[in-house]
Amino acid sequence: MKKSIFSLGLATLVLAGACQQFKTGEGGLQYKIVKDNGQPKAQTGDLLSVNMTVTTDRDSLLSSTYKIGLPQIINIAADSLPGLYPGDYNSMFKMLGEGDSAVFKLNLDTMAAKTMQPKPDFADHYVTFSVKVNKHFKKGELTDSALYAEVNTYFDGEIEKLRSSEEGKINDYIKKNNLEPLKTTSGLQYIITEEGKGEKPVAGDTVKVNYTGALVATGDVFDTSIKEVAEKNNTYNPMRPYEPAKFAIGVRQVIPGWDEGLLLLPKGSKAKLIIPSELGYGERGDGRGIIPPFAPLVFDIELIDVIKPVANDTTAQDNTAK
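These numbers come from a predicted model, not from an experiment. (Residues numbered from 1 in each chain as written. Predicted model: local features only at pLDDT ≥ 70, side-chain atom pairs only at ≥ 80, totals over all residues. Heavy atoms only, no water.)

What follows covers the overall build of the chain. Each helix and strand counted, the chain has seven helices and 14 strands in total. A compact globule built from 322 residues should have a C-alpha radius of gyration of about 20 Å, whereas the chain, at 25 Å, is more than 25% larger. Contacts spanning at least 24 positions in sequence make up 67% of the contacts within the chain whose residues lie at least 6 apart. (Helix = DSSP H or I, 4+ residues; strand = E, 2+ residues; numbered from the N terminus. Rg over C-alpha atoms; globule rule 2.2 N^0.38 Å. Contact = heavy atoms within 4.5 Å.)

The following block contains the structure:
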């Protein structure tokens, strides 16, 4: 399994917890409190901003806020809510307050028995949550609208951090990889690594492209048309075909960075496109939590073919009897 270091904060959490023994609570929940900051613990109705990684006992990463670059908001539900039980996901966060960090191992056999749902097939016995609490939003006497206004203001600040750090991420990537890209007026940067001998496409042409896309900040591959690359980067999906993408160029069928970048390349070229978020997925990301807001992207592109549109035959046939 590919390993990634998501942040110094996560590394510190893992090292700090390594020498501790897990304790066992209700429902078979195992836990280590790595740091108790001495603050009030979360209660029903409260919200927590956390950084968290979720892994299986097969050493597989399920999710990480460190990869996304944004914290996750956890809503502390009432124990009386149907489907909840002592030792479940909700129970973990009620053990934490602002500044606390902990590692939890959620027992999947207990979860299946208590919820009467099939046990997930992506793990054997446990799913592990490594959690660090950034901020505790206390419900208290606040209305729901007032509470969520606090959360929205906080999250706006986190988004602004991503926006202001974008240029630095791009510059660091270029420096780290010893690149000397060309830059267009839009902010697109590109390097033609192998120049083709064919003609360049123009807007309205159809192109066939092999590609691999990754986040500039982490190098994590999020999509590729090449099966071997997907397998190597643990993104392989047996339900999708792995073949060159085919689409009309210059007509907004793809992100602006592709529309602009591919028009610069002769057929047969290979290139690296460094795409700022303004030419990618912008301030909202992709909406799936894979590409964060204000995320610069890098694509390795091969322009395989350029197909000209077939002109419509506008010549009318004169079927009038002579």
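Side chains of a nonpolar character, in soluble globular proteins, are inclined to be buried together. Among the nonpolar cores identified, the biggest contains 25 residues, and Trp258, Leu262, Phe299 and Ile301 are the most heavily contacted of them. Every element with two or more residues in this core is listed here: β10 (206-215), β12 (245-248), α7 (256-262), β13 (270-275) and β14 (297-307). The element that contributes the greatest number of residues to this core is β14, accounting for five residues. Of all hydrophobic cores here, the second largest spans 22 residues; its members include Tyr85, Phe93, Leu96 and Ala102. (Core = buried A, V, L, I, M, F, W, Y, C linked by side-chain atoms within 4.5 Å. Buried < 20%, exposed > 50% of the residue type's maximum accessible area, 1.4 Å probe, protein only.)

Moving on: the packing of aromatic side chains. Under the criterion given, the structure shown has eight aromatic pairs. One aromatic cluster is present, built from ring pairs that chain together Tyr211, Phe222, Phe247, Trp258 and Phe299. In this structure, Lys105 is placed above the aromatic ring of Phe22, and the distance from its NZ or CZ to the ring centre is 5.1 Å. Its guanidinium or amino end placed over the ring of Phe137, Lys135 lies 5.7 Å from that ring's centre, counting from NZ or CZ. (Phe/Tyr/Trp six-rings, centres within 6.5 Å; stacked < 30°, edge-to-face > 60°. Lys NZ or Arg CZ within 6 Å of the ring centre and 35° of its normal.)

It is worth spelling out the pairing of strand β11 (residues 221-224) at this point. Here β10 runs beside β11; their pairing, made up of three bridges, is antiparallel. Following the sheet pairing, Ala214 is matched in β11 by Val221. Connecting β10 to the antiparallel partner β11 that follows it, the hairpin turn spans five residues, and Gly219 within it adopts a positive phi of roughly 80°. (Pairing = 2+ DSSP bridges.)

Residues given the UniProt feature "domain: PPIase FKBP-type" (unreviewed entry) here are residues 204-307. Across residues 204-307, the secondary structure splits into 12% helix and 34% strand, with the terminal C-alpha atoms separated by 9 Å. (UniProt positions renumbered as here; feature names shortened; annotations may be inferred.)

Our focus in this paragraph is the pattern of salt bridges. In the structure shown here, the tally under the stated rule is 14 salt bridges. Put simply, Arg58 and Asp124 hold a salt bridge, and the shortest N to O gap is 3.0 Å. Taken together, the residues Arg58 in the loop between β3 (47-56) and β4 (61-64) and Asp124 in the loop between α4 (108-115) and β7 (126-137) connect sequence positions 66 residues apart. Classification of Arg58 as partly exposed rests on a relative accessible area of 43%. With relative accessibility at 33%, the residue Asp124 sits in the partly exposed group. Residue Asp305 pairs with Lys267 through a salt bridge whose shortest N-O separation is 3.1 Å. Here the residue Asp305 occupies a position in strand β14, and Lys267 occupies one in the loop between α7 and β13, the gap between them amounting to 38 residues. For Asp305, a relative accessible area of 22% corresponds to the partly exposed category. Each of Asp36, Lys41 and Asp100 takes part in one network of salt bridges that share partners. (Salt bridge = Lys/Arg side-chain N within 4 Å of Asp/Glu carboxyl O.)

This brings us to the side chain of Asn210. Structurally, the position occupied by Asn210 is in strand β10. Setting aside chain neighbours within four positions, we find Asn210 in contact with Ser225, Ile226, Glu243, Pro244, Asp300, Ile301, Glu302 and Ile304.

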